[in-house]
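Listed here are the chains, written in short residue letters.
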Amino acid sequence: MPSCDSIMRKMAMKQEFSCRVRGFTLIELLVVLVILGLLAGLVGPQVIKYLGGANTKTAKLQIEDFSTALDAFRLDMGRYPTTNEGLSALVDQPSGANRWNGPYLRKNLIPKDPWGHDYQYRAPGQHGAFDLYSLGADNADGGDGENQDVVSWM
């Protein structure tokens with residue numbers, strides 16, 4: 001029959017062994033962090049580029065919605081809103097507009113472009129009956145990428 005001392009020594013050895021196996025070493029943690037950093041460095045720019053393209057697509061879709069609403073306004077009123085009336089004529093009846101049958105936008109508000117700026121509207125336009133455009137992320141004429149203008153006439 002085993003003695004109490006031998007049983008205690010076996011239990012102490014098992015406990016010591018299990019304590020050593022439980023954790024991760026500093027090197028293992030550093031390797032994992034390096035791998036995560038490499039993945040973030042490779043995937044991050046692609047995700048940001050994708051999100052940037054999403055803002056431009058959103059602006060194009062909003063301009064199409066505005067164009068549809070402007071066409072409905074023209075059918076009712078016989079004209080597009082003037083530059084002075086602006087896009088607000090789509091949700092608020094302009095003075096003297098007896099045949100106005102709005103609001104012409106679903107949420108009864110004029111949304112801003114995806115970068116938080118107002119859409120630009122001119123009627124009559126230089127490129128058609130009206131010009132409707134966003135100046136992009138930089139809110140200035142021209143640009144490329146996220147800063148490019150998003151226009152209704154192209």
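Our structure is the block above this text.
Now for a description of the structure that goes with this document.

For the protein chain, the helix and strand inventory stands at 2 helices and 3 strands. When the helices and strands of the protein chain are read in sequence order from the N terminus, they spell out α-α-β-β-β. The long-range fraction of contacts in the protein chain, counting pairs at least 24 apart against all pairs at least 6 apart in sequence, stands at 40%.

Attention now goes to the environment of Asp118. By secondary structure assignment, the location of Asp118 is in the loop between helix H2 (26-77) and strand S1 (120-122). Given a relative accessible area of 49%, Asp118 falls into the partly exposed group. As a C-alpha pair, Asp118 and Asn139 span 21 residues in sequence and 9.2 Å in three-dimensional space. Side chain to side chain, Asp118 and Lys112 meet in a polar contact 2.6 Å long.

In this section: the pattern of salt bridges. Scanning the entire structure with this criterion turns up 4 salt bridges. Linking Arg122 and Asp131 is a salt bridge whose minimum nitrogen-to-oxygen distance equals 3.0 Å. Take Asp131: its relative accessible area is 0%, and that puts it in the buried class.

Counting residues in hydrophobic clusters, the biggest one holds 23 residues, and the most contacted among them are Leu70, Leu87, Leu90, Tyr121 and Leu132. For Leu87, the contacting residues outside a window of four places in its chain are Phe66, Leu70, Ile110, Tyr119, Tyr121 and Leu132.

Bringing the environment of Asp71 into the picture now. Positionally, Asp71 belongs in helix H2. Separated by 33 residues in sequence, Asp71 and Tyr104 place their C-alpha atoms 9.5 Å apart.

This part is about unusual backbone geometry. Note on backbone geometry: most residues besides glycine have negative phi, and most peptide bonds are trans. With omega at 0°, the peptide bond leading from Ala123 into Pro124 counts as cis. Assignment of secondary structure puts Pro124 in the loop between S1 and strand S2 (131-134). Residue Asn108 is not a glycine yet carries a positive backbone phi of 55°. Looking at the secondary structure, you find Asn108 in the loop between H2 and S1. Located in the positive-phi region is Asn139, a residue other than glycine, with phi close to 55°. Relative to the elements of secondary structure, Asn139 occurs in the loop between S2 and strand S3 (150-151).

Moving on, we come to the environment of His127. Of note, His127 is situated in the loop between S1 and S2. Classification of His127 as partly exposed rests on a relative accessible area of 46%.

Below, the discussion takes up the packing of aromatic side chains. Scanning the model with the defined rule gives 6 aromatic pairs in all. Pairing Trp100 with Tyr104 gives two aromatic rings, centres 5.7 Å apart and planes at 85°, and the pair type is edge-to-face.

About the criteria used
Residues numbered from 1 in each chain as written. Predicted model: local features only at pLDDT ≥ 70, side-chain atom pairs only at ≥ 80, totals over all residues. Heavy atoms only, no water. Helix = DSSP H or I, 4+ residues; strand = E, 2+ residues; numbered from the N terminus. Contact = heavy atoms within 4.5 Å. Buried < 20%, exposed > 50% of the residue type's maximum accessible area, 1.4 Å probe, protein only. Polar contact = N/O pair within 3.5 Å; in protein donor to acceptor, adjacent residues only side chain to side chain. Salt bridge = Lys/Arg side-chain N within 4 Å of Asp/Glu carboxyl O. Core = buried A, V, L, I, M, F, W, Y, C linked by side-chain atoms within 4.5 Å. Phe/Tyr/Trp six-rings, centres within 6.5 Å; stacked < 30°, edge-to-face > 60°.

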